[in-house]
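# Chains, contacts and geometry: an overview
Here is how the chains run, residue by residue.
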Amino acid sequence: MSEYNFNQIEKKWQRYWEENQTFKATENTDKPKYYVLDMFPYPSGAGLHVGHPLGYIASDIVSRFKRAKGFNVLHPMGFDAFGLPAEQYAIQTGQHPAITTEQNIGRYIEQLKNIGFSYEWEREVRTSDPSYYKWTQWIFMQLFNSYYDYTADKAVSIDKLIAAFEANGNAGINAACDEDTPVFAAGDWKNMNEQQKSQLLLKYRLTYVADAVVNWCPALGTVLANDEVVGGVSERGGYPVERKLMRQWMMRITAYAERLLLGLDTIDWPEPVKEMQRNWIGKSVGAELDFAVEGGASEKIKVFTTRIDTIYGATFVVLAPEHELVNEITTDAQRAEVASYVNVAKNRSERERMTDVKTVSGVFTGAYAINPISEERVPIWIADYVLAGYGTGAVMAVPGHDSRDYAFAKHFNLPIKEVVAGGNLEEEAYAAKEGKIINSGFLNGLEVKEAINAGIAKAEELGVGKGRTQYRMRDAVFSRQRYWGEPVPVYFKEGIPHLLDEKELPLELPKIDAYLPTETGEPPLGRAVDWKYQDQCEYELSTMPGWAGSSWYWYRYMDPQNDQAFADKDKVAYWRNVDLYMGGAEHATGHLLYSRFWNKFMFDLGLVVEQEPFKKLINQGMIQGRSNFVYRLKESNTYVSYGLHKQYDTTPLHVDVNIVENDLLDVEAFKAWRPENANAEFVLEDGKYICGVEVEKMSKSKYNVVNPDIIVERNGADTLRMYEMFLGPLEQFKPWNTNGMDGVTKFLKRFWKLFHDNDGNFVVSDEIPTAAELKTLHKTVKKVEEDVERFSFNTSVATFMICVNELTALKTNKRAILEPLTIALAPYAPHIAEELWEKLGHNQSITFASFPTWDEKYLVEDTFEYPVSVNGKTRGKLAFATDAPREEMEKAVLADEQIMKFLEGKTPKKVIIVPNKIINVVV
């Protein structure tokens, strides 16, 4: 007797896959390659909940399907193992982050294997492994030794730049560099000492040290990226964050701005993600103008504008609070007020300042600037809606034609001038990009586009400005004042950074006594004893950011054991880049942007063969938690059932969903759940305690986390896999409901039963299938193939259910039907498929079976059931062959007893037949 014992079956096949390395990929040039990748997880101590595997299941279905379609599939998994959470835990417990990271990874691997993913575990990588971060450090060194040549439009060796300096200075160099880079001749270069040359080269290198305004979190003792700051506090912990000028390592990602922008048109990514990157890069074409400060400041205020056509409408200038001229130009009368405002503004994150359009704040400096075109005197203000990191950190405010400037002018009663005809400035700014220019001297009467060109020409003629293309994106901060990250392979000699020799890699993390900054404010690495380069030079004490190791990891999977290179060139040439990448849209302006940057850099150096790392990206949606609530009476330990709680003064409290079934609370389990519940009392409904329900994000704090291990134990991994796909379209958010799994469980049992008789004996016939059976099979195979190719997995699950119902009704047990159907189901439910495949007599894994083909001839309908109407009212149905002659159909209709009743003995005037649609008898 054979029962569907999913626990035994699933463990059996998971052992088989591991022992036989079933999913091992090689560089087989006889097959087309297909590289499927999930964004590798950070291994938190909480492990996986049922929301995490959603994307993994989808990518695994694609991987298994592509193997069956004849592709050589690479489908690896690893861990983004550096980061702040492990370090925070280490600070709290004193335990080395490597220990907890190792434990967490072990837990993740166990959970992932339980779900039956076809990962090639032999290729696993961990960013915290020195054999891995050796190559992260190596890539950093290549960036340090490169600069961006705009003429060649790519990264080039710094040696070429040095040779150009020696021959001609930098006058003819068209390269990405700091804005304050001086112009010098070859003789000047030769007269510089080594320290001066090194300082100058830092202005060109693709990774460099500079003073930068950063998000500094004193409580965490580290710099945070913009996407790690929410509402002015740290995303992790909610600690205050301040804007601070600090010496940092930077990545010159701005050099790649245009290529990053253009590359978006070559990849199959969700449009919202591409749009987020376009906005982040923020290309603007316009003009840079010099506003002289009245009284003669050391420098003029540089302003970038895309609307020089509105220059006569500029009634004030606004500086960012961090602007370098603020202190110099502020008058004594305004100094205290300015200092107070700057202190508050600098602690708001850039994201908060950009998105908070409702709050209007600012302060007058007391100084005035001169409009370079109109020569009018305009006041200089400070406001935090202007960012130091965007453009020049200053704007010419044209309140008549910009909504933020308009709100600012209204708030502070500043002049508003109309220079583009067509709006009503009494009510709002007129921000149209078309129209006639008015009140603007030589620009009067021109259309906007004409006026922009004329304005740039005039600025260049007067020597007060020039046309310019600008990008919002800033160079990326690459330093973190943490312990648990990649050491930077740099030491300092007389304040100048020098690279280690490649043979000295990896530079491993030293042992330290605590994971906090030193008493003197140095990063945790400052605690390392005798940690110096060759016992004399200081190492860099900051570590790399979390995105360093994830910006190239897909290449390491191609050749993870290589200790001579990050990956063998031939293997990189074979696998090329990722065909399908699965992960969250929240990484749009972080990981996904930095990965594209590093990939393009590696392409420039000839290290990789593709400009873009990920051909197709899918953002899976989120599985939301289904929270349950109990209702506690105020100042008591009594809990009122949901239907009655509104009659009392109660407080809703989250309750562990694992002690609730079908919204009914297990009251004894509730008493045992927490000590304070031991003496709980209950106001019941019909003898039951009914919980409240709400759909929310799945999290430990809401007690709505469902552990996949429990689901696998109770229902099986195949049920979990199919149920998660069945919840809805992959990209959408959907609520979890454990109670809904029964339908999938029953489906798998019905599928198993097709192969067995009523006594549980395996019985499969070699009889020739009927036309009805072939039709069911072929329409299923066709639909499933089409669904997987367009990533519509929920509709495939529904198709399988319909198919099994039809075959059950037909009492099908024929090999010619069940064998190909098993192959088609295998990507979704691989364990049951493997077991039945073996029972069908195969001694090799179903992984190596070819996906079945479908034939259109089995899908053609040979009959059609016509609704038959008499004088427009449906009176019955009759089936005819699709190629039946009209005369025969007409005779059969008029001879049918059901239809004859409605003719009432009358002779029909005509019979209208619309082929394969309807028949209408007109009396």
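Procedures and definitions
Residues numbered from 1 in each chain as written. Predicted model: local features only at pLDDT ≥ 70, side-chain atom pairs only at ≥ 80, totals over all residues. Heavy atoms only, no water. Helix = DSSP H or I, 4+ residues; strand = E, 2+ residues; numbered from the N terminus. Buried < 20%, exposed > 50% of the residue type's maximum accessible area, 1.4 Å probe, protein only. Contact = heavy atoms within 4.5 Å. Lys, Arg positive; Asp, Glu negative; His and termini not counted. Charge placed at Lys NZ, Arg CZ, Asp CG, Glu CD. Core = buried A, V, L, I, M, F, W, Y, C linked by side-chain atoms within 4.5 Å. Salt bridge = Lys/Arg side-chain N within 4 Å of Asp/Glu carboxyl O. Arc of directions from axis to C-beta. Phe/Tyr/Trp six-rings, centres within 6.5 Å; stacked < 30°, edge-to-face > 60°. Lys NZ or Arg CZ within 6 Å of the ring centre and 35° of its normal. Axes fitted to C-alpha atoms, helices over the stretch in contact; angles between N-to-C directions. Parallel < 35°, antiparallel > 145°, perpendicular 65-115°, else oblique. Left-handed = near helix turned anticlockwise from the far one by under 90°. Nonpolar A, V, L, I, M, F, W, Y, C, P; charged D, E, K, R; others polar. Polar contact = N/O pair within 3.5 Å; in protein donor to acceptor, adjacent residues only side chain to side chain. Pairing = 2+ DSSP bridges.

## What about the overall build of the protein?
Within the protein one finds 29 helices and 35 strands. If one aligns the C-alpha atoms of the protein with their principal axes, the spans along those axes are about 105 × 80 × 75 Å. Here the protein holds 923 residues, and the buried ones make up 53% of them. When contacts within the protein are restricted to residue pairs at least 6 apart in sequence, long-range pairs at least 24 apart make up 71% of them. Distance between charge centroids for the protein: 4 Å, based on 103 positive and 130 negative side chains.

## Here's the deal with the nonpolar core
Within the largest apolar cluster, 164 residues are counted, with the highest numbers of intra-cluster contacts made by Phe140, Phe566, Met722, Trp736, Phe793 and Tyr828. Beyond its immediate stretch of four places on either side in the chain, phenylalanine 140 contacts Thr207, Trp249, Met251, Phe478, Val488, Pro489, Val490, Leu499 and Met544. By size, the runner-up hydrophobic cluster in this structure holds 50 residues, among which are Tyr341, Trp381, Ala383 and Val448.

## Describing the pattern of salt bridges
Inspection of every chain in the model, using the stated rule, returns 51 salt bridges. With a shortest N-O distance of 3.6 Å, lysine 532 and glutamate 538 are connected by a salt bridge. Here glutamate 538 falls in the partly exposed class, since its relative accessible area comes to 40%. One salt bridge in this structure joins lysine 600 and glutamate 612, with 2.9 Å as the shortest N-O distance.

## Re helix α12 (residues 335-345)
Along α12, the residues classified as buried are Val338, Tyr341, Val342 and Ala345. All buried residues of α12 project into a common sector of 100 degrees when viewed along the axis, lining one side. Exposed positions of α12 whose direction lies more than 90 degrees from the buried face are Ala336 and Val344.

## Focus: the packing of aromatic side chains
According to the stated counting rule, one finds 68 aromatic pairs in the structure shown. Arranged with centres 5.6 Å apart and planes meeting at 25 degrees, the rings of phenylalanine 316 and phenylalanine 408 form a pair that is stacked. Of the two residues, phenylalanine 316 sits in strand β12 (residues 316-319) while phenylalanine 408 sits in helix α14 (residues 403-412), which places them 92 residues apart along the sequence. By relative accessible area, which is 0% here, phenylalanine 316 ends up buried. With relative accessibility at 1%, the residue phenylalanine 408 sits in the buried group. Each ring, one from tryptophan 381 and one from phenylalanine 412, has its centre 4.7 Å from the other, and the planes form 45 degrees; the classification is tilted. Linking tryptophan 381 in strand β14 (residues 377-382) with phenylalanine 412 in helix α14, this pair joins segments that are 31 residues apart in sequence. Tryptophan 381 gets classed as buried once you look at its relative accessible area, which sits at 10%. What makes phenylalanine 412 partly exposed here is its relative accessible area of 24%. The ring of phenylalanine 144 carries arginine 205 above its face, with NZ or CZ at 4.0 Å from the centroid. For the cation-ring pair, arginine 596 lies above tryptophan 269, with the distance from its terminal atom to the ring centre recorded as 6.0 Å.

## Notes on the packing of helix α26 (residues 815-825) against helix α27 (residues 830-839)
It is the contact of α26 with α27, at a shortest axis distance of 9 Å, that shows an interaxial angle of 150 degrees. For the element pair α26 / α27, the angle class is roughly antiparallel. Every pair of crossing elements has a handedness; the one defined by α26 and α27 is left-handed. Facing α26, whose interface residues are Glu819, Thr822, Ile823 and Leu825, α27 presents Ile832, Ala833, Leu836 and Trp837. Considering only residue class, the contact of α26 with α27 consists of 6 nonpolar, 1 polar and 1 charged.

## Let's talk about the side chain of arginine 480
Within the secondary structure, arginine 480 is located in the loop between β17 (476-477) and β18 (490-493). For arginine 480, the side chain forms a polar contact with the main-chain oxygen of valine 477, separated by 3.5 Å.

## Topic: the sheet that holds strand β35 (residues 918-922)
With respect to topology, 4 strands assemble into an open sheet ordered β33-β32-β35-β34, the strand pairing being mixed. In this open sheet, the two strands that pair with only one neighbour each are β33 (873-881) and β34 (910-914). The sheet shows a mean angle of 20 degrees between the axes of neighbouring strands, taken without regard to direction. As judged from the 8 bridges shared by strand β32 (residues 863-870) and β33, these two strands associate in the antiparallel manner. From the neighbouring strand, valine 870 faces β33, where its bridge partner is lysine 873.

## Things to note about the pairing of strand β9 (residues 242-251)
Two strands pair when backbone bridges link them, and strand β5 (residues 207-217) and β9 are joined in this way by 10 bridges, in the antiparallel orientation. Note on β9: the bridge partner recorded for tyrosine 208 is methionine 250.

## What to know about the sheet that holds β17
Spatially, 4 strands are ordered β6-β5-β9-β17 in an open sheet, and the strand pairing comes out antiparallel. Lying at the two open borders of the sheet, with one neighbouring strand each, are β6 (222-224) and β17. Judged from the 2 bridges that link them, β9 and β17 form a sheet pairing that is antiparallel. Looking across to β17, one finds that methionine 250 is bridged to valine 477. Together, β5 and β9 form the strand contacts of helix α5 (residues 130-144), whose direction differs from that of β9 by roughly 90 degrees.

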